[in-house]
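Report on the structure
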Amino acid sequence: MIGRLKATRSVPGGRREGASQSRTGLRDRYQAWLQHHRLSAADSMTRVIDNPVSSVMTWLVIGIALALPTGLNVALDNVSQLSSSWDSPAQISLFLQDGVSDDRARQLQAELDERPDVAETRFVSREEALDEFRTLSGFADVLASLDSNPLPHLILVSPAGAAAQSAALALREDLQAYPDVAQAVLDMEWLQRLNSLMELSRRLVLAVGGLLVVGVLLILGNTIRLAIESRREEIVIVKLVGGSNAFVRRPFLYTGLWYGVGGGVFAAVLVAASLWFLRQPISELAGLYQSEFRLRGLGVMGGLNLVILGGLLGLAGSWLAVARHLADIQPR
Amino acid sequence: MISFDRVSKRYAEGHDALREVSVNIGKDELVFITGHSGAGKTTLLRMIMLMERPSRGQVLVDGQNLANIGSRGIPRHRRNIGVVFQNHRLLLDRTVFDNVALPLVIAGHDHREVGRRVRAALDKVGLLKRERAMPVTLSGGEQQRVGIARAVVGKPKILLADEPTGNLDPGLSAEIMQLFEEFNQVGVTVLIASHDLALISRLHHRIITLRDGRLVAGGKS
């Protein structure tokens, strides 16, 4: 509470200079206030470090509680980054009739390319499709046992222009009417589903994050309450010799701050470590989809924000505990 | 310096700790308060420190009516009063130096001033060489002297002591009392609650006697 004063080894000055009342100027008070902040901060830090096991446990608990929603949020960001690159040009997949030959299919592709409302087409022959399916699906054995290729030819059609949804729908209707086309599928529905799924996930992350923040506050509040309990006698003495509530409160607020900041650092490290752990398989997966996708991490600012958030939560949690318990401790 | 005007204190359970006590204590006085345990000695001291408020009557300390001091003003009020406890109430995980420095740190003195004053106070009670020691390594008498150094280091106008010699043998008790007399001689108002009649009657100071919360002797100075 008072901090351990560093006593300078100076020669003791005179004895009591009369019984004059001690008066301290405003500037001295400010200096003393700063000094007590420094002392409290250092003393609280010493106490945190002096109990490494329990401190690391507290940091880990807070770190995990913060890392969970943060990690989920980073994952969502990555998914939305991924989906936004698919977003705009909706694609129409034309599955051709079984009997359609390669030549006829290429001819149809050329016809479609002539249409003003078609920007681009890509032909995937049934053989190519089978190859691709074999590599990606892992059903190679099953596929090998089939007598014939069950897959149809496929033409991927990208609508021209900004591709308003209605235009894309009209185009799909048109294409469906071609006799060679078995089925025209507008690949937009899954995108819409993905988007609403993302929205749902975002809300879930928010809710989980909110709950965990409350949890962090309670954990910190409890930790600080225990710290207050263990120093009850000291608090009484300080109040007896004229310590104000602010003076008594200060070291506990700093304790909360250190726990929170440490928790934030742990959370940032946990998130970074998980991303590092996932980086390799994800870039492999992206490679399989011919995607240049790279996992996007927290970044320096994200980490810093996490530490600041931890610190704020630490202050808030200890403030809750201090407000509840310090007033109860009065000299008896 | 301290005046009680028909002060009564009744606790919630109906016990009367003080009944209509009126006492005036002058600036340069050293006064003993005596009486059996439960007679109201401690309650009297606690009221001066604002650890307790009267049910009726008023208390004036250094010209200020304590009824006008709200809970926010209590710390400032206490900084002007030095207190010595029977069980000394030292911080056991801090050195002697840090214990004595506590009131100065709270009052906000810079650390050079703190060091100077703490050493002066420790010198006064004869413990200058023990400033680095932890309180548990000291004897009972030494611990009490650390408590006294802490009480006077802020140069208070008033020094209160509740059974300061309660746990000490007669020789040490006399030494402690002598210390209080020395502080009184430099102008500090000293109020000591004690039931050690044999000791205090030898010292020729005014003695206030309480019995069951009533003042029975020593009220007028």
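In this text, all values refer to a predicted model and were calculated from it rather than measured experimentally.

Along chain A, the regular secondary structure elements total ten helices and four strands. Reading the helices (α) and strands (β) of chain A from amino to carboxyl end gives α-α-β-α-β-α-α-β-α-β-α-α-α-α. Looking at chain A as a whole, 37% of its 332 residues qualify as buried. Sequence-distant contacts in chain A: of pairs separated by 6 or more residues, those separated by 24 or more amount to 82%. Total accessible area computed for chain A in this model is approximately 18900 Å², and 62% of it derives from carbon and sulfur atoms.

Secondary structure assignment for chain B yields seven helices and ten strands. Against the 2.2 N^0.38 benchmark of 17 Å for 221 residues, chain B shows a C-alpha radius of gyration of 17 Å, consistent with a compact globule. Expressed along its principal axes, the backbone C-alpha trace of chain B runs to roughly 45 × 40 × 35 Å. Across the 221 residues of chain B, 58% fall into the buried class. Taking as baseline every contact in chain B between residues at least 6 positions apart, the subset at least 24 positions apart corresponds to 70%. Summing over all exposed atoms, chain B offers an accessible surface of approximately 9300 Å²; the carbon and sulfur share of this is 48%. Across chain B, 32 positive and 23 negative side-chain charges occur, with their mean positions spaced 5 Å apart.

Next up on the list: helix 6 (residues 170–185) of chain B. Residues and elements named next belong to chain B. Look at helix 6: 23 Å from first C-alpha to last across 16 residues, which is about the 22 Å you get at 1.5 Å a residue. For helix 6, the full list of buried residues reads Ser173, Ile176, Met177, Leu179, Phe180, Glu181, Phe183 and Asn184. Gly187 lies just past helix 6 and shows a positive phi near 100°.

Considering the arrangement of structural elements, one finds Lys239(A) in helix 8 (residues 232–240). Of the side chains bearing the opposite charge, Asp328(A) lies closest to the buried Lys239(A), which forms no salt bridge; the N-O distance is 8.5 Å.

Right, let's get into the packing of helix 3 (residues 96–107) of chain B against helix 4 (residues 111–124) of chain B. Residue and element names in this part refer to chain B. Direction vectors running N to C along helix 3 and helix 4 enclose 115°, while the axes themselves pass 9 Å from each other. In this structure, helix 3 meets helix 4 at a crossing whose hand is right-handed. Of the residues in helix 4, those touching helix 3 at Val96, Phe97, Val100, Ala101 and Leu104 are Val114, Gly115, Arg117, Val118, Arg119, Ala121 and Leu122. Each residue belonging to the contact of helix 3 with helix 4 can be placed in one class, and the counts come to nine nonpolar, one polar and two charged.

This part is about the packing of aromatic side chains. According to the stated counting rule, one finds three aromatic pairs over all chains in the structure shown. Each ring, one from Tyr254(A) and one from Trp258(A), has its centre 6.1 Å from the other, and the planes form 35°; the classification is tilted. Of this pair, Tyr254(A) and Trp258(A) both sit in helix 9 (residues 245–288), four residues apart, which is roughly one turn of that helix. Positioned above the aromatic ring of Phe183(B), the side-chain terminus of Lys124(B) is 5.9 Å from the ring centre. Above the face of the Phe97(B) ring, Arg132(B) is positioned so that its terminal group lies 5.6 Å from the ring centre.

Our focus in this paragraph is the sheet that holds strand 8 (residues 189–193) of chain B. Strand pairing in a sheet takes place through backbone hydrogen bonds and is either antiparallel or parallel in direction. All names here are of chain B. Reading across from one edge, 6-7-8-3-9-10 is the order of the six strands in this open sheet, with mixed pairing throughout. Unpaired on one side and paired on the other, strand 6 (81–84) and strand 10 (214–217) mark the two borders of the sheet. Mean inter-strand twist for the sheet, computed between neighbouring axes without regard to direction, equals 25°. In this structure, strand 3 (residues 30–34) lies alongside strand 8, joined through four bridges in parallel fashion. Residue pairing across strands places Val31 opposite Leu191, the latter belonging to strand 8. Helix-sheet contacts for helix 1 (residues 41–48) involve strand 3, strand 6, strand 7 (158–162), strand 8 and strand 9 (206–211), and the interaxial angle to strand 7 is about 150°.

So, about the nonpolar core. In this structure, Phe4(B), Val100(B), Val118(B), Leu159(B), Leu160(B), Phe180(B) and Leu191(B) are the most contacted members of the largest nonpolar core, which totals 107 residues. Of all the elements, helix 9 of chain A adds the most residues to this core, at ten residues. Core analysis: the next-biggest nonpolar cluster, separate from the first, contains 19 residues, Leu96(A), Ala168(A), Leu175(A) and Leu186(A) among them.

Residues and elements named next belong to chain A. On average, residues of chain A score 82 in pLDDT, and 89% of them reach the 70 mark or higher. Helix 5 (residues 140–144) is the least confidently modelled element of chain A, averaging 76 in pLDDT, while helix 10 (residues 299–325) averages 91, the highest of any element. The low-confidence segment residues 6–22 (pLDDT under 50) makes 33 contacts with residues lying over four places distant or belonging to another chain.

Further remarks concern the pairing of strand 3 (residues 154–159) of chain A. Residue and element names in this part refer to chain A. The buried count for strand 3 comes to six of six residues, which makes it a mostly enclosed element. Residues Leu154, Leu156 and Ser158 of strand 3 are buried on one face, and the alternating residues Ile155, Val157 and Pro159, pointing to the opposite face, are buried as well. Relative to strand 3, strand 1 (residues 92–96) is paired through four bridges, and the arrangement is antiparallel. In the strand pairing of strand 3, Ile92 is matched with Val157. Bridge count between strand 2 (residues 118–124) and strand 3: six bridges; the pairing is antiparallel. Looking at strand 3, one finds that Val118 is bridged to Pro159.

Here is what the cut-offs are and how they apply
- Residues numbered from 1 in each chain as written.
- Chains lettered and ligands numbered in written order.
- Predicted model: local features only at pLDDT ≥ 70, side-chain atom pairs only at ≥ 80, totals over all residues.
- Heavy atoms only, no water.
- Helix = DSSP H or I, 4+ residues; strand = E, 2+ residues; numbered from the N terminus.
- Buried < 20%, exposed > 50% of the residue type's maximum accessible area, 1.4 Å probe, protein only.
- Contact = heavy atoms within 4.5 Å.
- Areas by Shrake-Rupley, 256 points an atom, 1.4 Å probe, with all protein chains shown as cover.
- Rg over C-alpha atoms; globule rule 2.2 N^0.38 Å.
- Lys, Arg positive; Asp, Glu negative; His and termini not counted.
- Charge placed at Lys NZ, Arg CZ, Asp CG, Glu CD.
- Expected span 1.5 Å × (residues − 1).
- Salt bridge = Lys/Arg side-chain N within 4 Å of Asp/Glu carboxyl O.
- Axes fitted to C-alpha atoms, helices over the stretch in contact; angles between N-to-C directions.
- Left-handed = near helix turned anticlockwise from the far one by under 90°.
- Nonpolar A, V, L, I, M, F, W, Y, C, P; charged D, E, K, R; others polar.
- Phe/Tyr/Trp six-rings, centres within 6.5 Å; stacked < 30°, edge-to-face > 60°.
- Lys NZ or Arg CZ within 6 Å of the ring centre and 35° of its normal.
- Pairing = 2+ DSSP bridges.
- Core = buried A, V, L, I, M, F, W, Y, C linked by side-chain atoms within 4.5 Å.
- pLDDT = per-residue confidence, 0-100.

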